[in-house]
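# Observations on the model geometry
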Amino acid sequence: MAERYNHKEIENKWQKRWEDQDIYRTFEDPSKPEKYILEMFPYPSGELHMGHVRNYSIGDVVARYNRMNGYNVLHPIGYDAFGLPAENAAIARGIHPKEWTYSNIDSMRVQLKQLGLSYDWDREITTASPDYYKWGQWLFLKFYERGLAYRKKANVNWCPGCETVLANEQVEAGMCWRCGTVAEIRELEQWFFKITDYTERLLDDLKLLDGWPERVRIMQRNWIGRSEGALVDFQIRGSDKKITVFTTRPDTLFGATFFLLAPEHPMVNELIKGTEYEAGAVEFRQKVAGETEIDRISAEKEKNGFFTGVYVINPVNGEEIPVYLADYIMMGYGTGAVMAVPAHDQRDFEFAMKYGLPIRAVIQPSGEMLNPDMMAQAYEGEGVMVNSGPFDGTPQTEGVKRVTEYLEEKGVGEAAVNYRLRDWLISRQRYWGNPIPVVYCETCGIVPVKEEDLPVILPEDVGITGFGGSPLAKHESFVKTVCPICDEPARRETDTMDTFVDSSWYFLRYCSPREDKLPFTKEAVDYWMPVDQYIGGIEHAVLHLLYSRFFTKVLYDMGMVSSVEPFKNLLTQGMVLKDGVTMSKSKGNVVSPVSIIDMYGADTARLFILFASPPEKELEWSDRGVEGSYRFLNRVWRLVEDNKQLVAGTTAAIPGELGSAERDLRYIVHKTIKRVTGDIARFSFNTAISATMELVNAMYKYGEGAGRNPAVIKEAIENLVLLLAPFAPHLTEELWEGLGKEKSIHLHAWPKYDPELAKAEEVTLVVQVNGKVRDKITVAADISEEDMRRTALASEKVIANIGDKHVRNIFVVPGKLVNIVAK
RNA sequence: GCGAGGGUGGCGGAAUUGGCAGACGCGCUAGACUUAGGAUCUAGUAGGGCAACCUGUGGGGGUUCGAGUCCCCCCUCUCGCACCA
């Protein structure tokens, strides 16, 4: 009479009922403790992939677990809906980006619902919707007011593949993070967010993030790239102009024998103008500019330079040293100018060798004399200053300080901290994004759109060809507008914002998603924020996570939020692999979540993905493993079905006196509650699931014996179903109903274990002789140390092993192990 | 080159503080039930002897009564950064 486990029917039934009954809807309730559980929202490509399933399964378990533990849980979802793929689809298939995006969202939503995720769907947001992007524009205006949004002409990264500029963070090893095209450098006037105003705070507050993986914090720290040193002015010979360098080694200043400039350094033109070196310098610069970023930054590459004919004067010793352009000097770091100390910098050493430039040792390692003629490489270690005039004999670390002080006294330099982090370039020459709400007026200049005129609506009637620049720039009625100040004809900004702007505050919008006076309300944000648990891929370690931290700090300064950091705890999930490599269409190894759900159900898919690997590690997809998870759920199903009547008909309490089989089962039940509770709390889902499997095995075993106790079975079954509820929400809900329960299992309290019952009555005493296991004896769990010792020494195997040796020592680990040392 | 994290059966993975290595699952083997089963249930499953025992957590050393776990050296894989002045 037991029915078959029909996953399709059950999952449809409960998905519909949960929706009808709104059981996951969330309200602010100051009387309850809150938790904000968030997964990174998806880009609506139209189809979920296994990475999404993993991400959202992890988040859903955490959300359900916390809900069952009495927390008021915010668990929202939405779509990061602006972006280039929509435009590419328009070009390839002639579909409007909006249509493409929204139909994708519709199918993503269906798939997300099929997974049985406990989202509050009333809070769903879409960044491409005017009621969302309006507030992005509003925030842009606030940033502008505070001087945090500004426009400047600069050398920027240009991706020829995406036909738009990119922020520094979005160039990986010289290539576009999205499409892999080699980025070029172009000089353009663009909008930036002044993230560098927040550098120190972004760096310092990393220490508040002890709930983040160490490596993410390190990646951010490295990206920010703080280094201490000094700025030093070098006078140009025969001119009143000077060039400033940044150095971390002011102690080696006396060893500077030449001077280097980035080829694109702004001083280069006036230095060489009209000289015999002009033509050569221009040629050199063009050659370097023609190289890809990848060629240029390759460490193995031979260094190239060009002498400019110019000399600068070393401020500490008055020496005149030659100025070269060098391809290994980057305009984007420091001042784009470097004092070269070949004896103590490997790169400068190589350059000096190639161009026959002098090498002078100014740091002497202890017990060794550096001879520049004999050096095979630069000495970058510690030592004492030499050949450094008044500083001779000063230890190097102290020298850094003293030389800097000297420079400051003389007014030719100062202590300085340099960062690698640059301002965030947010302009994009693309259509499908949030329009930057700015107008250009002949008389008034750059004029922000008035707040009451927001949003600047992204027009829909555009032609998207993929050629000839931004589609918006060609949309006449969009471009033509009037100046908000003088009412004269003016021109609209046609760049849109980087989509990372949209995702830098979406977690705040979830707190009050339908608010129409502000991006979010202070009350809602104060109640929910910060996010207690954020879950997503490591690929955003710097990008999205750094930008979101920046936004949060700005909003904190504006008094709009009360927390300085957005994400208290961060879990970075591992990738999903098949045959050892990431799933991709080109490799033909993609397993579609939809087909797995169809064949085995969402509960199986979720269970497998959580069971196969710890969340932070890579997960190797296994069809066999999926079948195993399906088998387990079937096993649970049959176990409960077979005992349904028995359990429902049992009202009696568990008797005080029980047989040993009953006592053993109760022990396993309570131990399992303890294990699963602890395992979920530390995100060890795979071991939590394995613990429930062990419980099921034990219950099958118990079920075979005669005279089974219905009350004990009831306790076991109900707890098993409760423990599995976060993992397999549909199946457990169906079983729960079958057990005669009226309210949803997902609104039920998480089970509690009895610490007394979770203790074993008997334990296996491991007996070692000289560290090797010689016997295992079952003893009472509360055995005394003295009895352990006695029992161990009485063992025949132990006696045989000791032989005629003398017992020298006995180590006892209470309740576990005895180690007898005999010689 | 620098930084981080790994290396445990045929496979995915367990082993909170140093205390039974291999939980759980996959696969495999055998048995039961069956018209049949690729369903289900039960048992076994690190390797070698097939018995007492011996050997085993990338390799080599060390600390300890005791090491997958701690220390030193080396090999190897993955990821991140990469001429950072």
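Let me begin by describing the structure that accompanies this report.

## Some thoughts on the side chain of Arg 67
Position of Arg 67 relative to the elements: it lies in helix α2 (residues 50-68). Ignoring any residue separated from it by four or fewer positions in sequence, one finds Arg 67 in contact with Tyr 24, Val 73, His 75 and Ser 118.

## Re the sheet that holds strand β24 (residues 480-482)
Strand order in the open sheet made by the 4 strands is β23-β22-β25-β24, with antiparallel pairing throughout. Each end of this open sheet is capped by a strand with a single partner; those strands are β23 (445-448) and β24. Going from strand to strand, the sheet's axes swing by 45° on average, the running direction of each strand aside. Note: strand β22 (residues 438-441) against β23, 4 bridges, orientation antiparallel. Its bridge partner lying in β23, Tyr 440 is registered against Ile 446.

## Digging into the sheet that holds strand β5 (residues 149-159)
The 4 strands are arranged β6-β5-β9-β19 in an open sheet whose pairing can be described as antiparallel. Sheet topology places β6 (164-166) and β19 (424-425) at the edges, where each strand pairs with a single neighbour. Across 2 bridges, strand β9 (residues 184-193) lies against β19 in antiparallel orientation. Within the sheet, the bridge partner assigned to Phe 193 lies in β19 and is Trp 424. Along the sheet face, helix α5 (residues 130-145) touches β5 and β9 and points at about 90° away from the line of β9.

## Details of unusual backbone geometry
Here the residue pair Leu 454 and Pro 455 is connected by a cis peptide bond, since its omega of -5° sits within 30 degrees of zero. In this structure, Pro 455 sits in the loop between β23 and α13 (476-479). In this chain, Met 529 is followed by Pro 530 through a cis amide linkage whose omega measures -5°. When you line up the elements, Pro 530 lands in the loop between α16 (522-528) and β27 (533-537). Positive phi, close to 55°, is recorded for Asp 579, a residue that is not glycine.

## Observations regarding the side chain of Asn 418
You can see Asn 418 is positioned in strand β18 (residues 413-418). Note on Asn 418: relative accessible area 10%, which makes it buried. Of the polar contacts made by the side chain of Asn 418, one reaches the side chain of Tyr 333; its length is 3.3 Å. Excluding residues within four positions of it along the chain, Asn 418 makes contact with Gly 225, Arg 226, Ser 227, Phe 246, Tyr 333 and Gly 334.

## Quick look at the environment of Leu 543
On the secondary structure map, Leu 543 appears in helix α17 (residues 543-557). Between the C-alpha atoms of Leu 543 and Ser 504, which are 39 residues apart in sequence, the distance is 9.8 Å. Residues contacting Leu 543, with those up to four places away along its chain left out, are Glu 169, Gln 170, Trp 177 and Phe 500.

## Here's the deal with helix α4 (residues 97-114)
With 18 residues, α4 extends 26 Å from end C-alpha to end C-alpha; this agrees with the ideal 26 Å at 1.5 Å per step. Of the surrounding secondary structure, the elements contacted by the buried residues of α4 are α2, β3 (78-79), α3 (84-93), β4 (125-126) and α18 (593-600). Looking one or two residues beyond α4, the residue adopting positive phi is Gly 116, at roughly 70°.

## Observations regarding the nonpolar core
Judged by nonpolar contacts, the single largest core of 182 residues is most densely connected at Trp 424 and Trp 621. For this core, the element with the most residues is helix α22 (residues 685-704), which contributes 10 residues. Counting residues in each nonpolar core, the second largest holds 33 residues, with Val 232, Phe 254, Val 312 and Val 316 among its members.

About the criteria used
Residues numbered from 1 in each chain as written. Chains lettered and ligands numbered in written order. Predicted model: local features only at pLDDT ≥ 70, side-chain atom pairs only at ≥ 80, totals over all residues. Heavy atoms only, no water. Helix = DSSP H or I, 4+ residues; strand = E, 2+ residues; numbered from the N terminus. Contact = heavy atoms within 4.5 Å. Pairing = 2+ DSSP bridges. Axes fitted to C-alpha atoms, helices over the stretch in contact; angles between N-to-C directions. Buried < 20%, exposed > 50% of the residue type's maximum accessible area, 1.4 Å probe, protein only. Polar contact = N/O pair within 3.5 Å; in protein donor to acceptor, adjacent residues only side chain to side chain. Expected span 1.5 Å × (residues − 1). Core = buried A, V, L, I, M, F, W, Y, C linked by side-chain atoms within 4.5 Å.

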